[in-house]
Amino acid sequence: MFYNDAYREIAGDRHPAALGMPVAEAFPEVWEFNRPVLENTLSGATLSYADQPITFHRPTGPETMMLGLYYTPVYNGDGKPAGVLCTIIDNSARITAERSLAASEAELRRITDAVPMLVAYADRDHVYRFANANYQTWFGIAPEAMIGRHIREIMGEDFYHSRRSDLDAALMGSTVIGETIVPHRDLGPRPLEFRYVPHVDASGQVLGVYILGIDIAERSTREEEVRVSNARFRTAMDAVHGVLWTNSADGRMVGEQPGWSALTGQGRAEYEGYGWSSAVHPDDAAATVIAWNKAVTTRTMFVHEHRVRRHDGEWRTFAIRGLPILNDAGEITEWVGVHTDITEQRMAEAALREHAASLARQVRHRERAEDQLRQLNETLESRVIDEIAERRHAEAKLAQSQKMETVGKLTGGVAHDFNNLLQVIGGNLQLLSKDIAGNPRAETRVSNAMAGVSRGAKLAAQLLAFGRRQALEPKVVNVTRFVQGMDDMLRRAIGEGIEVETIFSGGLWNTFIDPVQIENALLNLAINARDAMDGQGKLTIELANAHLDDDYARAHDEVKAGQYVMLAVSDTGSGMSADIIAKVFEPFFSTKAEGKGSGLGLSMVYGFVKQSGGHVKIYSEEGEGTTIRLYLPRATEAEDIEVATYSGPIEGGTETVLVVEDDEDVRATVVETLSELGYRVLKAPEATSALAVIESGIPIDILFTDVVMPGPLKSPELARKARERLPNLAVLFTSGYTENSIVHGGKLDKGVELLSKPYTRDALARKFRHVLANELQRQQGQGAVPSAAQTPAATPVTPPVSVMSRTALLVEDDALIRVNTSEMLQEAGFIVVEAASAEEALAALQTAPVDVLVTDLNLPGASGQDLAVTARALRPETLIVFATGDPGAVAGDTDCVVLPKPYDADALAAAIRARLVRPEQTVMSEASET
């Protein structure tokens, strides 16, 4: 081994002692790296290593250097490699500088991305060299896509032309500030304050310009509000009988004082500060100062009289009333007062005093009038001050309300798009599951993916809950029983380290609430309490009746005075500050560490309770724990019976479906799923083209349309026009966010069928059969003739059965079908009791004997099969008849009669006769024959 002197700088003081020594002995620390490299080079290979980390042992310890290594074989006379030339370049300083520069640039980008403004840098050629992330938020342009491109190319010719003079001025060394209107990709045109700051090096040369864009929309709005407020206040001042003025806490006049200026003729420069005192009569100045100092010390109303020189030079006597404005600390921030000219009053008083005693009564009357006038002035001054305070409070409440409304609309839109994505993913996963049947590994992965879709659907539901845009399914619930039923679930969720205490008041009222949502709300509150206590502490759940009176309602927005059921959750945790409490119900706000929570739990609770007509109140102090009280609206009805939901096998059909969906991926998935179920499928990307398909004359059995659609024609209007052209058309809506078009007051509009996204293949199939069967039944009741695809096999005519004095309970949520079927049963001799839901039917079962229960399966609230379970428990002898468009859903139930929709009077009579005449025979087989 030998090497040149420059190697000393790299290898250290072993040079030249290492000359002639094997590399393994001279530099053992690098031998393991060099050995295979040298062997390959001696075999004829030329090798190079860029920026290779190599550690050398030095007297001061190991030192790692970043080296560029280039190995070249040295050939002898016969052309064979006889040695290796290793060229080494020390790149340590360069790499250190590059890393430092990269870290500095990354830090700069993190800082600028965090700043709520547009930040960019352009060179002297007007070419972007830097842009922060807000450009993508504002214009939809990725910052990295802007680098190296001219401002004209990114912002457009018009914008560039309008701002070029400012850019040129900044490149000449001047800082330029201006305002302009710039379109935001989501919010539309918004005012921006642009600042162009020159970048000057040490020599004074301008290298480029920093471009700062600040969104001043809110500031402009506030300035306009202040301007309007000031104009209103000034108008009020002009309307007051007297001269209004404002002083600082120490008695200085500041700002515009038009009333004082008009009275005294003083300009602003003359009266500002204590200059106003020069207009006060010299003989009255000392007494004025004494009275003023006393009012300031006691922080009470300043009441005094003195003479003031009017603009025409005349001295006039004025009565003064001044009120202090105090801050939260009780300190004076400003004085508001009024000068009332009482010169004539005082002159009249002097004249009256000279009159004889016979005029004493008139003098007293005059004094009473003066007292009334003073009281009127004082009342007016107080009203002006109260109005100002009330206006400020109203403005703060309005700003908060608008903020929450805006966020609510945003979350609703996000949920809509998110549910569409989940529908595409979930639908394709279900289609894929059939293709991979028999592959356990693939089935497991698909199952895990579907679990992820479910979690995503839950997140979207939380967003809709906060935005108060979910379709609730409220029931009459006894919260005491409900909370007791959740005891085990809560204890599992919060762990053994937390003591749970429940407190129930006697005679607790029922409440009208969605059971699933209140369960989620209570679970969210318990988990938040657990986290606040770090898994150790006491959780108290309290239930009580509560009455919120008018005073409480006036002090709290959106609260109606009345009776409520109060559900309180208290913990012994860390508590919260007032700043945290003000933001705790905002979506995605969380005090937990990153990755420990979505920040949607409390916002979901807030939105759900508000949408349900309730109220949320939070009490907390740092270190003292937290109590959150939910006030749920009282219900005077009896509690609804909760029964388990049943889901049986599914089936498809051969009808023709028109699918209207603007999302291409969702549309493709739905079309494939319906085709796989056997339906003939037509499709349209939006409502206008769908209407064109309907008007073409193609026979269509069911319209399946998204609720939120682009274009001028909305889905509810499409459905109305489609039914005008095709009266027998069934309509089923679907959406991940209804946008209040078919849902009002948190409940689905009457007569509207909705399948919420994301939905499963089974849910889609069952809902189709239910909607189609109901439409056929309505047609039969109106005497319409169904299409061939809709018409079932002919039903043989069966002689009527004697049913005198027998009672039939008919449960059907479709009013037209209910009326038609009721007439069929009455013609068969039954006494008919009608109900539109399972809850209404349960009340009838408990009060009257029922021989036959005829019920649909798909009902609002509890299902028909759930109703049958309860009916059998109450009256085992009752005959159960399921009149449904989804007969496969009760295939496993042999103790009933299944009557497929559509049915006529003969089919209905035959279904009942099959059981009433021969009860010992198998019911299902006879129903099949029917």
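Residues numbered from 1 in each chain as written. Predicted model: local features only at pLDDT ≥ 70, side-chain atom pairs only at ≥ 80, totals over all residues. Heavy atoms only, no water.

A count of helices and strands for the chain gives 30 helices and 31 strands. Taken over 930 residues, the chain has a buried fraction of 44%. Considering only intrachain contacts with a sequence separation of at least 6, the fraction spanning at least 24 residues in the chain is 61%. About 47800 Å² of surface is accessible on the chain, with carbon and sulfur atoms providing 53% of the total. (Helix = DSSP H or I, 4+ residues; strand = E, 2+ residues; numbered from the N terminus. Buried < 20%, exposed > 50% of the residue type's maximum accessible area, 1.4 Å probe, protein only. Contact = heavy atoms within 4.5 Å. Areas by Shrake-Rupley, 256 points an atom, 1.4 Å probe, with all protein chains shown as cover.)

Our next topic: the sheet that holds strand 4 (residues 118-123). Strand order in this open sheet of five strands is 5-4-8-7-6, and the pairing throughout is antiparallel. For this open sheet the edge positions go to strand 5 (128-131) and strand 6 (176-184), each flanked by a neighbour on one side alone. For this sheet, the mean angle separating the axes of adjacent strands, direction not counted, is 25°. With six bridges joining them, strand 4 and strand 8 (residues 206-215) adopt antiparallel strand pairing. If you follow Leu118 over to strand 8, its bridge partner there is Gly213. Sheet strands in contact with helix 8 (residues 157-171) are strand 4, strand 6, strand 7 (188-200) and strand 8, and its direction is about 155° off that of strand 6. (Pairing = 2+ DSSP bridges. Axes fitted to C-alpha atoms, helices over the stretch in contact; angles between N-to-C directions.)

In the segment running from Lys901 into Pro902, the intervening peptide bond is cis, with an omega of 0°. Tracing the chain through its elements places Pro902 in the loop between strand 31 (897-900) and helix 29 (905-917). Positive phi, normally seen in glycine, also occurs at Arg299, with a value near 55°. By secondary structure assignment, the location of Arg299 is in the loop between helix 12 (282-298) and strand 10 (302-309).

Each regular strand displays side chains that alternate between the two surfaces of the sheet. When you tally the buried positions in strand 20 (residues 656-660), you get five out of five residues, the bulk of the element. Burial along strand 20 is two-sided: Thr656, Leu658 and Val660 and Val657 and Val659, pointing in opposite directions, are all buried. Pairing of strand 20 with strand 21 (residues 680-684) involves five bridges; the strand directions are parallel. Bridged to Leu658 within strand 21 is Leu682. In this region the chain leaves strand 20, passes through helix 22 (residues 664-676) and returns to the parallel neighbour strand 21; the handedness of that crossover is right-handed. Bridge count for strand 20 against strand 22 (residues 702-706) is four bridges, and the pairing is parallel. Pairing of Leu658 across the sheet is with Leu703, part of strand 22. (Right-handed = clockwise from strand over helix to strand, strands pointing away.)

With parallel pairing, five strands are arranged side by side in an open sheet as 28-27-29-30-31. Strand pairing shows two members of the sheet lacking a second neighbour, strand 28 (831-835) and strand 31, which therefore form its edges. Neighbouring strand axes in the sheet, compared pairwise and without regard to direction, differ in orientation by 20° on average. Summarising the sheet, strand 29 (residues 852-855) and strand 30 (residues 879-884) pair through four bridges and their orientation is parallel. Across the sheet, residue Val854 finds its bridge partner in strand 30, namely Val881. Sheet strands in contact with helix 26 (residues 815-827) are strand 27 (807-811) and strand 28, and its direction is about 165° off that of strand 28. Against the sheet, helix 28 (residues 864-874) touches strand 27, strand 29 and strand 30, its axis set at about 175° to strand 30.

Moving on, we come to the environment of Thr297. With respect to the helices and strands, Thr297 occurs in helix 12. Once the C-alpha coordinates of Thr297 and Ile332 are considered, the two residues, 35 residues apart in sequence, prove to be 10.0 Å apart. Among the polar contacts made by the side chain of Thr297, one reaches the main-chain carbonyl oxygen of Asn293 at a distance of 2.8 Å. (Polar contact = N/O pair within 3.5 Å; in protein donor to acceptor, adjacent residues only side chain to side chain.)

All right, on to the packing of helix 17 (residues 487-494) against helix 18 (residues 515-532) then. Packing of helix 17 against helix 18 brings their axes to within 9 Å, and their N-to-C directions diverge by 30°. Both helix 17 and helix 18 take part in a crossing whose hand is right-handed. Only Glu519, Leu522, Leu523, Ala526, Ile527 and Arg530 of helix 18 make contact with helix 17, whose side of the interface consists of Met489, Leu490, Ala493 and Ile494. The class makeup of the residues in the contact of helix 17 with helix 18 is eight nonpolar, no polar and two charged. (Left-handed = near helix turned anticlockwise from the far one by under 90°. Nonpolar A, V, L, I, M, F, W, Y, C, P; charged D, E, K, R; others polar.)

Two elements in contact, helix 23 (residues 687-695) and helix 24 (residues 715-725), have axes separated by 10 Å at closest approach and are oriented at 5°. As summarised for this structure, helix 23 and helix 24 are arranged roughly parallel, according to the angle between their axes. Seen from helix 23, the contacting residues are Ala687, Ala690, Leu691, Ile694 and Glu695; seen from helix 24, they are Leu718, Lys721, Ala722 and Arg725. (Parallel < 35°, antiparallel > 145°, perpendicular 65-115°, else oblique.)

For the rest of this paragraph, the subject is the nonpolar core. Grouped together as the largest cluster of nonpolar side chains are 38 residues, with contacts concentrated most on Ile518, Leu522, Leu539, Leu567 and Leu630. Sequence-distant contacts of Leu522, defined by excluding residues within four places in its chain, comprise Val483, Met486, Leu490, Ile541, Leu567 and Val569. In terms of nonpolar packing, the next biggest core, distinct from the first, is built from 25 residues, Ala122, Phe159, Ala170 and Ile211 among them. (Core = buried A, V, L, I, M, F, W, Y, C linked by side-chain atoms within 4.5 Å.)

Attention shifts here to the pattern of salt bridges. Under the criterion given, the structure shown has 43 salt bridges. With a shortest N-O distance of 2.8 Å, Arg94 and Asp51 are connected by a salt bridge. Taken together, the residues span a long stretch of sequence, with Arg94 in helix 4 (residues 92-114) and Asp51 in strand 1 (residues 47-58) at a distance of 43 residues. Judged by relative accessible area, Arg94 falls into the partly exposed class, the value being 36%. The partner of Glu724 in a salt bridge is Arg725, and the shortest N-O contact between them spans 3.8 Å. (Salt bridge = Lys/Arg side-chain N within 4 Å of Asp/Glu carboxyl O.)

Mapped onto the secondary structure, Thr855 falls in strand 29. Other than its neighbours up to four places away in sequence, Thr855 contacts Val811, Gly864, Leu867, Val881, Phe882 and Ala883.

The next subject is the confidence of the model for the chain. Detailed reading of the predicted coordinates is not advisable wherever pLDDT is low. Looking at the chain as a whole, the pLDDT averages 80, with 81% of positions reaching at least 70. Here helix 30 (residues 923-929) stands out as the least confident element of the chain, with mean pLDDT 37; strand 10 is the most confident, with 93. The low-confidence segment residues 643-647, where pLDDT is below 50, has nine contacts with residues more than four positions distant or belonging to other chains. The low-confidence segment residues 791-804 (pLDDT under 50) makes 17 contacts with residues lying over four places distant or belonging to another chain. (pLDDT = per-residue confidence, 0-100.)

Glancing now at helix 24. Those residues of helix 24 lying buried are Ser715, Leu718, Ala719 and Ala722. Angularly, the buried residues of helix 24 cover 100° about the axis, an arc narrow enough to put them on a single face. Buried residues along helix 24 sit against strand 20, helix 23, strand 22 and strand 23 (730-735). (Arc of directions from axis to C-beta.)

Per the counting criterion, the structure on display carries 15 aromatic pairs. Relative to Tyr71, the ring of Tyr49 has its centre 6.3 Å away and its plane inclined at 85°; by these criteria the two rings are edge-to-face. Of this pair, Tyr49 sits in strand 1 while Tyr71 sits in strand 2 (residues 61-75), placing them 22 residues apart in sequence. Summarising the aromatic geometry, the rings of Tyr564 and Tyr631 are spaced 6.4 Å apart at their centres and angled 85° between planes, so their arrangement reads as edge-to-face. Here Tyr631 lies in strand 19 (residues 626-635) and Tyr564 lies in strand 17 (residues 562-571), a separation of 67 residues in the sequence. (Phe/Tyr/Trp six-rings, centres within 6.5 Å; stacked < 30°, edge-to-face > 60°.)

Once that is clear, we can look at the side chain of Asn91. As for its placement among the helices and strands, Asn91 is situated in the loop between strand 3 (81-90) and helix 4. With a relative accessible area of 14%, Asn91 lands in the buried category. At 3.2 Å, the side chain of Asn91 forms a polar contact with the side chain of Asp51. Residues in contact with Asn91, not counting those within four places in the same chain, are Asp51, Met66, Leu67 and Gly68.

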